[in-house]
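# Survey of secondary and tertiary structure
One letter stands for each residue in the lines below.
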Amino acid sequence: MASKPHLIPRVAYTSDTGSKRRSVDIQSEQVEAHPSDVRSILNSATAFKNLWSLSLANCHALPLQLLSGLSEFVAFGLLDLSYTPINFKTLQRTFRHVRLLSLRCIGCPRIESAEGGPERRGFTVLCLPDMWMLDGVFITWDERKTWRANGSGVASGDVRTRFLDLADRELMPFTSGFATSEAKTPRDGSRSGRSRPGDPASTEAPTAVQRIWSRRASALLENVPYEFEMGVEQDMARLRVLARNLELDAAVGFAGTVKNPGIVDGTVTAVLMGEASVRGQGEGQRPKDAHGIGSRTILALILLGSLASQFKQAALQRTVETIFILSWDVGTRLSGGVDHWARAAASPVHWRLNDRMMYLALLIGKLTLDSISETSVRDRPPLLPPDKLRTFCNVLQYTLKASYAITNNQPSKSQADVHKVAALATSLMPEAHAVKLSELHLDILQLLCLDDQGAREFCSGAPDLCAALSESLDVLLPAGHALRAEARSIAADAALRRDVGVETATALSLEAHALQLKFRLCSTVEKAAAILERSTDDLAPSAIC
């Protein structure tokens, strides 16, 4: 007779709804600790052999001495220490040899990796070399290189001074012959690669404890290379692992509503790596849906739009289908369920909040890699310039911070919750960040004009697009500007058409009206972009200076 799964003793705690009791299955891959049971969970941490995602968020009295058991794990897909008293010394002692695919330290007063200056994030990157993402933002080779060189690449001398002061006070020295956990950790607990415990060049004591490989860690990390000639190769290997991990999480998110949740298998990887997401192409043939920088840019803007209350999911979804299913071969349909990853049931537009934010973070990480080079300066400017990429990163961090207040960082799929998070995130942003976000909203508006799934649907949703245009221009342009008046004129025409009767109009008249609206929207956005570009050039220092 099979034995029942071992359970941590049930722990009673009090919430707004009264007294509750809960138990945690020791076979769980994902564990979210409550302040009342965090001690029980951490004392039993090594018994969770499949632990992959651990949230200790909001445990304000987290007993730091009990974190030591977590150092026996090879890797965590997510370690959430937000709103805890964690400090730099404990981070280094416990997690320097643990691969952290994603670490969150939002709202930690002793870390301030998201709230403090760039030197706080930079120092966290320096002291945890096996960390891949921090506070929802991917860490590129360029960022690692900057801080490993004592911040010599940062523009501000004050930032570098604060970074060096922080390093003097908080950095725990690396042992002689230090090797990261990416120097593959075999099953016997020893470390292989350039340095092994017990080697003459290493002062690190050999460990007699077999390190813990969770089920997900074994599936994702066992065959990952650990020696790279260039930093960008390492980043690409990390992105591939993160993409596969996201595909598994996303499938779990809609497993109850989609007959074939495996429809997303390989799709995130395909977009990030520039591969085809539909298999079975003949040898030597170029796949019809091979993805490039254009696909990544479009999806990044679409996902950003899905996090904003100004844009309706229906309009975003129609645009995704227009762009990604247009040239798709119908002969590749699956039997039953969803036939393409861009269909509404499986589309990233409808993923849970955390999964959407992760996808956006990976896209921005890859777009950042697309825009920089280790060997030369790229001749052609990227589709998204560096300032807009930085805006994406800022939005991700503020959205992540807001999610703790609205959803307690649960993987909510409710769009109402997502819009509440987005509204709070915008209110938390400094004015300069809000202005940059409004510029990105103009890009999203232009993208939504590609919607070719039906003139009737586009005309019905046009007033919402006009409202988003007016809102962005109100932020970006001074009062009384002619373009703000033009936006109001477009909105009035769109509302009149909807009130007169979109449902009863002929298909031909709707096509003509939709085309006219798209032209006017895009023309206004182009004019606004030109004005903003001239303003930026006027503020830029001259070449002589």
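Residues numbered from 1 in each chain as written. Predicted model: local features only at pLDDT ≥ 70, side-chain atom pairs only at ≥ 80, totals over all residues. Heavy atoms only, no water.

The next point concerns the layout of surface pockets. Taken as a whole, the largest pocket encloses approximately 1,200 Å³ of empty space. Lining the largest pocket are 36 residues, and of these Arg 121, Val 137, Glu 143, Arg 390 and Cys 393 lie nearest its centre. Of all the secondary structure elements, the ones that give two or more residues to the lining of the largest pocket are α3 (118–127), β10 (137–138), α4 (141–148), α11 (353–371), α12 (386–406) and α14 (431–448). The residue makeup of the lining of the largest pocket, split by class, is 15 nonpolar, 13 polar and eight charged. Together, 41 residues line the second largest pocket, and Gln 30, Glu 32, Ser 53, Leu 78 and Asn 409 are the ones closest to its centre. (1 Å grid on protein atoms, 1.4 Å probe; cavity = no way out; pocket = protein on both sides within 12 Å on 5 of 7 lines; lining within 4 Å. Points joined across faces, edges and corners; volume = space filled by probe spheres on them. Helix = DSSP H or I, 4+ residues; strand = E, 2+ residues; numbered from the N terminus. Nonpolar A, V, L, I, M, F, W, Y, C, P; charged D, E, K, R; others polar.)

A few words now on the nonpolar core. Counting residues in each nonpolar core, the largest one holds 105 residues, and the members touching the most others are Leu 221, Tyr 359, Leu 360, Phe 392, Leu 442 and Leu 469. Discounting chain neighbours no more than four positions away, the residues touching Leu 442 are Leu 469, Ser 472, Leu 473, Leu 476, Val 525, Ala 528 and Leu 532. If you look at the next biggest cluster of nonpolar residues, it comprises 46 residues, including Leu 54, Leu 56, Phe 95 and Trp 147. (Core = buried A, V, L, I, M, F, W, Y, C linked by side-chain atoms within 4.5 Å. Buried < 20%, exposed > 50% of the residue type's maximum accessible area, 1.4 Å probe, protein only. Contact = heavy atoms within 4.5 Å.)

This part takes up helix α15 (residues 455–476). Owing to its 3.6 residues per turn, the α-helix aligns residues three or four sequence positions apart on the same side. Helix length check: α15, at 22 residues, gives a terminal C-alpha distance of 30 Å against a target of 32 Å (1.5 Å per residue), a fit within 8%. The largest bend in α15 amounts to roughly 45° and is located at Gly 461, with the proline Pro 463 lying one to four residues further along. (Expected span 1.5 Å × (residues − 1). Bend = angle between axes of the 7 residues up to and from the residue.)

This part covers the packing of α14 against α15. Close contact between α14 and α15 brings their axes to 9 Å; oriented N to C, the two are set at 155°. On the basis of the axis angle, α14 is roughly antiparallel to α15. Note that α14 runs across α15; the crossing there is left-handed. In this structure, α14 uses Ala 434, Val 435, Ser 438, Glu 439, His 441, Leu 442, Leu 445 and Leu 448 to contact α15, whose residues at the interface are Phe 458, Leu 465, Ala 468, Leu 469, Ser 472, Leu 473, Val 475 and Leu 476. Class assignment for the residues of the contact of α14 with α15 results in 12 nonpolar, three polar and one charged. (Axes fitted to C-alpha atoms, helices over the stretch in contact; angles between N-to-C directions. Parallel < 35°, antiparallel > 145°, perpendicular 65-115°, else oblique. Left-handed = near helix turned anticlockwise from the far one by under 90°.)

For the pair helix α7 (residues 231–253) and α11, interaxial distance at closest approach is 10 Å and the crossing angle is 160°. In terms of axis orientation, α7 runs roughly antiparallel to α11. In the packing of α7 onto α11, the handedness of the crossing is left-handed. For the pair α7 and α11, contact is made by Val 232, Asp 235, Met 236, Leu 239, Leu 242, Ala 243, Leu 246, Asp 249 and Ala 250 and by Asp 355, Met 358, Tyr 359, Leu 362, Lys 366 and Leu 369, respectively.

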